[in-house]
Each structure stands twice: as C-alpha cells, then as structure tokens.
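Next come the chains, spelled out residue by residue.
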Amino acid sequence: MAKSTKNEIVGALRELLQAKRLDDITVTELVERCGISRQAFYYHFSDLYSVVDYAIQQLLDELGVAGPEDWRSSLEQVLTLLRGNRTLVLNVYRAYERSYVEHDLRRWCAPLVEARTRLAAQRHGVTEDQISFMSELLTQALASIVLSWVERGMPSSVIERLDDFDILVEGCLDYTLERLAQKKKGQ
C-alpha cells in the first residue's frame, strides 16, 4: 500500500506540474488531488522536493546505466524523455537551484561516462586517478551542455550538441589517455 500511495502522490504532482511551477504548488493542493490526508503525505515525504527526488530516483533506476558501447543511445534516450516532458521539466528546474539539478544530472551521467572512459583506458596504462580525472571532466562537460539546453528552454537542437560532444569524446579521449600514460611513464 505504501508504494502505491507514493506513486499516487508522484502522479498527482506530475499532473500539477503540467500547469505550474513546483514552487507554486502546495502540499494542500497535492493531497486534495490525491484524496489523502496531509498526515499520509508526511508519512511518505518530508516536502514537495522530496517527492521530486523520489520521482527522479525512480526514473534513474528505470533507465539504468547502459554499457560503455551504448552510452550515446542512453544519452539520447534521456534527452528525448526530458524533451517529451518539457513543461514538467522546466517547471521543476525553475524552482531549484542550478547546483541541485546539476548534482542529480551528474549522478546519472557519471557512471555512464566512467564506463566509457574505462573502456578507452583499457588500451592505455593509466592510473585510477587519471581515469577518475577524465571521467569527472567529461561528466562536468556533459552536465553543462544539458543544463545549458534546459536553461534555453530545451530546443530540439540538443542532439546536434550531443553529436559534437560525442565527436569530442571520441577524438580526445584516446589522445588524452595516451598523453596521461606517457606522463606516468616519465615520472
């Protein structure tokens, strides 16, 4: 029953977010839409932001992390999903600090980017620290591209940016890892 109530709350919040920003929605409005008491709401969530956190985590768990070979298709899948829920995404995004959204985005991107970096690193003698550095750098870059896209209202051109990012990764990752391996050998 608890999971069902939580999902009802998430569903009702999704409906409300189609019409207004998160910071314009009240718990009272949400519980009335769900037909539950405030006490039932607070049994499951501490506030509206925790509902969003729960929904984001559910979505991330559903999407999972693809293998390093399919990282591009996973990125496209997420961006297509975000674009398909444009109003909802923008109404949540505009209620949050950019750093909070960036944290969630990086949390999803990091394992995907790290898997891709590790795949390339197999061909080079680099350290764990160097792999982490490259993964962090690429994750920051990808998160920045996606956040800029959201800030601009999510125009459909993000796939072109993703194409450019993919070219950057393919072209620079092997080169940079090779240079880092040479640096390690020289020390």
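Residues numbered from 1 in each chain as written. Predicted model: local features only at pLDDT ≥ 70, side-chain atom pairs only at ≥ 80, totals over all residues. Heavy atoms only, no water.

### Things to note about the overall build of the protein
Stage number 1. For the protein, the helix and strand inventory stands at 9 helices and 0 strands.
Stage number 2. N-terminal to C-terminal, the α/β element order of the protein is α-α-α-α-α-α-α-α-α.
Stage number 3. Here the protein, with 187 residues, has 41% of them falling under the buried criterion.
Stage number 4. Within the protein, counting contacts between residues at least 6 apart in sequence, those at least 24 apart form 75% of the total.
Stage number 5. Roughly 10300 Å² of accessible area belongs to the protein as shown, and the carbon and sulfur atoms make up 52% of that amount.
Stage number 6. Here the protein holds 23 positive side-chain charges and 28 negative ones, and the gap between their average locations is 2 Å. (Helix = DSSP H or I, 4+ residues; strand = E, 2+ residues; numbered from the N terminus. Buried < 20%, exposed > 50% of the residue type's maximum accessible area, 1.4 Å probe, protein only. Contact = heavy atoms within 4.5 Å. Areas by Shrake-Rupley, 256 points an atom, 1.4 Å probe, with all protein chains shown as cover. Lys, Arg positive; Asp, Glu negative; His and termini not counted. Charge placed at Lys NZ, Arg CZ, Asp CG, Glu CD.)

### Considerations on the packing of helix H5 (residues 71–84) against helix H7 (residues 98–121)
Stage number 1. At a minimum axis distance of 10 Å, the contact between H5 and H7 shows a crossing angle of 160 degrees. Regarding the angle of H5 to H7, the classification is roughly antiparallel. Where H5 crosses over H7, the two elements pack in a sense that is left-handed. In contact with Trp71, Ser74, Leu75 and Val78 of H5, H7 contributes Trp108, Leu112, Val113 and Arg116. (Axes fitted to C-alpha atoms, helices over the stretch in contact; angles between N-to-C directions. Parallel < 35°, antiparallel > 145°, perpendicular 65-115°, else oblique. Left-handed = near helix turned anticlockwise from the far one by under 90°.)

### Regarding the packing of aromatic side chains
Stage number 1. Per the stated rule, a full pass over the model turns up 3 aromatic pairs.
Stage number 2. Between the aromatic rings of Phe41 and Tyr42, the centroid separation amounts to 5.0 Å while the plane-to-plane angle is 85 degrees, which identifies the pairing as edge-to-face.
Stage number 3. We classify Phe41 as buried; its relative accessible area is 0%.
Stage number 4. Their ring planes at 65 degrees and their centres at 5.6 Å tell us that Phe45 and Tyr54 sit as a pair that is edge-to-face. Accessibility assignment for this pair places Phe45 and Tyr54 in one class, buried.
Stage number 5. In textbook terms, an aromatic cluster arises when at least three aromatic residues are bridged by ring pairs, as seen for Phe41, Tyr42, Phe45 and Tyr54. (Phe/Tyr/Trp six-rings, centres within 6.5 Å; stacked < 30°, edge-to-face > 60°.)

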